[in-house]
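Working through the structure, step by step
Okay, here's what each chain looks like letter by letter:
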Amino acid sequence: MKDRYLAFLAIIGAVCLLSYTSGDPTGYTLEELRTLYSSGDQSKWPSAHLFDEAKEGFQDIGSLPNMKFPENNPYSEDKMELGKMLFFDPRLSKSGQISCANCHNPEIGWSDGSRVSFGHDRQTGTRNAPTLVNIGYAKTFFWDGRAATLEEQVKAPIENPVEMNLHMSLAAKNIRKIKEYKPFFVKAFGNEDITEEKIAKAIATFERSLISPPSKFDKFVSGKKDALNDSELNGLHLFRTKANCINCHNTPYFSDQKFHNLGLTYYGRKYEDLGRYIVTQKNEDVGKFKTPTLREVSENKPYMHNGLFPELANIVMMYNAGMGRETPKGEQINDPKFPHKSGMIEKLNLTDDEVFDIVAFLKTLNSYKYKMRPPELPKSNP
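Residues numbered from 1 in each chain as written. Predicted model: local features only at pLDDT ≥ 70, side-chain atom pairs only at ≥ 80, totals over all residues. Heavy atoms only, no water.

What to know about the nonpolar core
- Grouped together as the largest cluster of nonpolar side chains are 43 residues, with contacts concentrated most on L86, F87, L92, I175, Y181 and I199.
- Counting only elements with at least two residues in this core, the list comes to helix 4 (77-87), helix 5 (100-103), helix 6 (150-159), helix 7 (168-176), helix 8 (182-189) and helix 9 (196-208).
- The element best represented in this core is helix 9, accounting for six residues.
- When neighbours within four sequence positions are excluded, F87 is seen to be in contact with S99, C100, A101, H104, W110, L132, I203, F206 and E207.
- Counting residues in each nonpolar core, the second largest holds 38 residues, with L233, L236, L350 and L362 among its members. (Core = buried A, V, L, I, M, F, W, Y, C linked by side-chain atoms within 4.5 Å. Buried < 20%, exposed > 50% of the residue type's maximum accessible area, 1.4 Å probe, protein only. Helix = DSSP H or I, 4+ residues; strand = E, 2+ residues; numbered from the N terminus. Contact = heavy atoms within 4.5 Å.)

Set out below in C-alpha cells:
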C-alpha cells in the first residue's frame with residue numbers, strides 16, 4: 001500500500017511539474033529552457049515550429065554578426081561623419097525644412113512615432129516610417145522592397161514629391177553651393193567634387209553605422225543565464241514554438257526579409273495598399289509586405305505598414321486571433337487580384353499570460369534608447 005501511495009505521489013508531482021512549462025508539448029520546464037537557451041549552443045535549443053513555407057533559407061535568431069559594407073562603398077570614419085551631417089541637413093529638401101531625420105528621429109527610435117509621416121507642404125504618406133537601426137543588415141528596402149541597395153533607398157525620399165520633393169541633381173547643387181562642405185568631401189572621398197552618388201554613399205554609410213549594442217536577449221543566448229526573467233524566457237520559447245513568430249521573424253536581424261500577406265490589405269476599402277504588387281505587378285503579391293525587424297521594436301510604435309496598431313500587445317492579440325479576414329464580395333469573387341492571406345497565419349489559442357510573456361520577450365530585443373545629438377552643419381555662404 002505504501003509503495004502504491006508513493007507511486008501516486010510521484011505521478012502527481014510529475015503532473016504538477018509539467019504544468020509549470022512553457023506550453024510546449026514536449027514538456028520542458030522553465031529551468032530546462034533556461035539551461036538550453038543560455039548554453040551558447042543553438043544545436044541544443046528546442047526545435048522551432050516551422051511551416052514548410054518558412055524552411056527555405058531559414059536561419060535561427062541569435063546575436064547580430066559584424067556589419068558588412070559593400071565593396072563599392074567601404075566604411076571610413078570621415079565618410080560616416082559626412083553622411084551624418086547630410087542626414088540631418090534640411091537643405092536636401094525643396095522647402096529647406098525637411099531632413100532625413102524628420103522621419104527617422106534618433107529621439108524616437110529612429111522613426112517618427114506617427115502613423116504615417118508628414119512631408120513637403122505637410123502632405124502625408126501612406127506608410128509608416130520604419131526604424132533605421134540595423135538597416136545595414138537589410139537586403140531590400142521599403143515595405144514593398146522597391147530598392148535593392150541602401151544607396152538607392154537614400155535617393156528615393158529626397159526625390160519623392162510627398163516627402164522631400166527635390167531631384168537629387170538639385171539637392172547636390174544645393175550642397176555644392178556651401179563651401180564649408182568641400183573639406184568634408186575631400187576627407188571622405190579624396191576630392192572636393194560634390195555629386196549625387198557621393199551624397200547617397202555618405203548617407204548610406206552613416207545609416208549602416210546605426211547598429212544595436214547587445215540586448216538582454218543577446219546577453220542571455222551568449223551565456224548570461226539570468227539575463228531574462230521567467231516571463232521573458234517563456235516568451236522566447238513561445239516565440240519559437242506555439243506562437244509561430246519564428247516563421248517570419250528569424251535570423252539575427254529578426255526578419256526573414258521576405259514578403260507576406262497578413263490579411264491587412266484592406267482591399268477595396270479605406271487604407272487599401274497593394275504592397276509588393278506595386279513593384280512586381282504579380283497578382284500573387286497583392287497585399288504582401290516585407291517582414292520588419294523586431295530589434296528595438298518597443299521603441300518603434302505604431303506598428304504595421306500603415307501604422308494602425310499602437311501597442312505591441314495589440315499586434316500579438318491580432319496574431320492570436322488569426323489576423324484579419326478578407327472575404328471577396330460581389331465582383332471581387334472573380335477578381336484575380338483579390339489578396340490571399342498567408343497560410344502561416346492561423347489562430348494561436350494563446351492565453352492572456354502567454355500574450356504578456358511574448359510582449360515581455362519582445363522588449364528584451366531593445367538595447368537602449370539610441371539617441372544622437374544632431375551635428376553642427378556647415379553654414380550657407382553669405
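Structural notes on the domain arrangement of the protein
- Each assigned domain of the protein is listed with its residue range as follows: domain 1 (30-64 + 214-364) and domain 2 (77-209).
- On a C-alpha basis, the centres of domain 1 and domain 2 stand 29 Å from each other.
- Opposite the 25 residues of domain 1 that make contact, domain 2 presents 24 residues.
- Summed over both sides, the interface between domain 1 and domain 2 buries roughly 1,900 Å², with carbon and sulfur atoms accounting for 54% of that surface.
- One can count one salt bridge joining domain 1 with domain 2.
- The residue R127 makes a salt bridge to D273 at a minimum N-O spacing of 2.8 Å. (Domains from an automatic or database assignment. Buried area = accessible area lost by both parts, 1.4 Å probe. Salt bridge = Lys/Arg side-chain N within 4 Å of Asp/Glu carboxyl O.)

Observations concerning the UniProt feature "domain: Cytochrome c" (unreviewed entry) in the protein
- In the numbering used here, UniProt assigns the feature "domain: Cytochrome c" (unreviewed entry) to residues 78-186 and 230-366.
- Split by type, residues 78-186 is 35% helix and 0% strand. Its first and last C-alpha atoms lie 9 Å apart.
- As a span, residues 230-366 carries 26% helix and 4% strand, and end to end its C-alpha atoms are 18 Å apart. (UniProt positions renumbered as here; feature names shortened; annotations may be inferred.)

Notes on the UniProt feature "binding site: heme c 2" (unreviewed entry) in the protein
- The sites that carry the UniProt feature "binding site: heme c 2" (unreviewed entry) are, in the present numbering, C245, C248 and H249.
- Checked against the element boundaries, C245 lands in the loop between helix 11 (230-240) and strand 1 (259-261).
- Mapped onto the secondary structure, C248 falls in the loop between helix 11 and strand 1.
- Beyond its immediate chain neighbours, meaning those up to four positions away, C248 contacts S255, D256, H260, T291 and M344.

What to know about the side chain of H249
- In this structure, H249 sits in the loop between helix 11 and strand 1.
- Using a relative accessible area of 10% as the deciding quantity, one classes H249 as buried.
- Looking at H249, its side chain comes within polar contact range of the main-chain oxygen of F254, at 3.1 Å.
- Filtering out sequence-adjacent residues up to four positions away, H249 remains in contact with I61, F239, F254, S255, T291, P292 and L294. (Polar contact = N/O pair within 3.5 Å; in protein donor to acceptor, adjacent residues only side chain to side chain.)

Focus on unusual backbone geometry
- Residue P302 follows K301 across a cis peptide bond; omega there is 0°.
- Relative to the elements of secondary structure, P302 occurs in the loop between strand 2 (288-290) and helix 13 (312-320).
- With a phi close to 55°, Y266 is a non-glycine residue in the positive phi region.
- Mapped onto the secondary structure, Y266 falls in the loop between strand 1 and helix 12 (277-280).
- Here the phi dihedral of Y271 falls at roughly 75°; this positive angle occurs in a residue that is not glycine.
- The residue Y271 is located in the loop between strand 1 and helix 12 in this model.
- Exposure remark for Y271: the relative accessible area of 36% places this residue in the partly exposed category.

Regarding the side chain of N134
- Turning to its location among the elements, N134 is positioned in the loop between helix 5 and helix 6.
- Once you skip the residues sitting within four places of it in the chain, N134 turns out to touch L64, L210, I211, S212, Y253 and R295.

Observations regarding the packing of aromatic side chains
- Across all of its chains, the model carries 15 aromatic pairs by this definition.
- Relative to F88, the ring of F87 lies with its centre 5.4 Å away and its plane at 70°, an arrangement referred to as edge-to-face. Here F87 matches F88 in class, with each residue buried.
- Here Y267 and F338 contribute two aromatic rings whose centre-to-centre distance is 5.5 Å and whose plane-to-plane angle is 85°, an arrangement assigned as edge-to-face. Taken together, the residues Y267 in the loop between strand 1 and helix 12 and F338 in the loop between helix 13 and helix 14 (352-363) connect sequence positions 71 residues apart. An identical accessibility class is assigned to Y267 and F338; each is buried.
- The ring of F142 carries the charged tip of R146 above its face, separated from the ring centre by 3.8 Å.
- Between R276 and the ring centre of F259, over which it is positioned, the NZ or CZ distance is 4.3 Å. (Phe/Tyr/Trp six-rings, centres within 6.5 Å; stacked < 30°, edge-to-face > 60°. Lys NZ or Arg CZ within 6 Å of the ring centre and 35° of its normal.)

Regarding helix 4
- Among the 11 residues in helix 4, eight count as buried, and that is most of the element.
- Where helix 4 is concerned, the buried positions are K79, M80, L82, G83, K84, M85, L86 and F87.

Thoughts on the environment of E284
- Among the structural elements, E284 can be located in the loop between helix 12 and strand 2.
- E284 gets classed as exposed once you look at its relative accessible area, which sits at 53%.
- As for E284 and I61, which are separated by 223 residues in sequence, their C-alpha atoms are 28 Å apart.

Here's the deal with helix 11
- Where burial is concerned, most of helix 11 is hidden: 10 out of the 11 residues are buried.
- Among all positions of helix 11, only S231, E232, L233, N234, G235, L236, H237, L238, F239 and R240 are buried.
- Buried residues belonging to helix 11 abut helix 2 (30-37), helix 10 (216-221) and helix 14.
- Here helix 11 starts with a cap whose side-chain oxygen sits 3.1 Å from the backbone nitrogen of S231, and that cap is N229.

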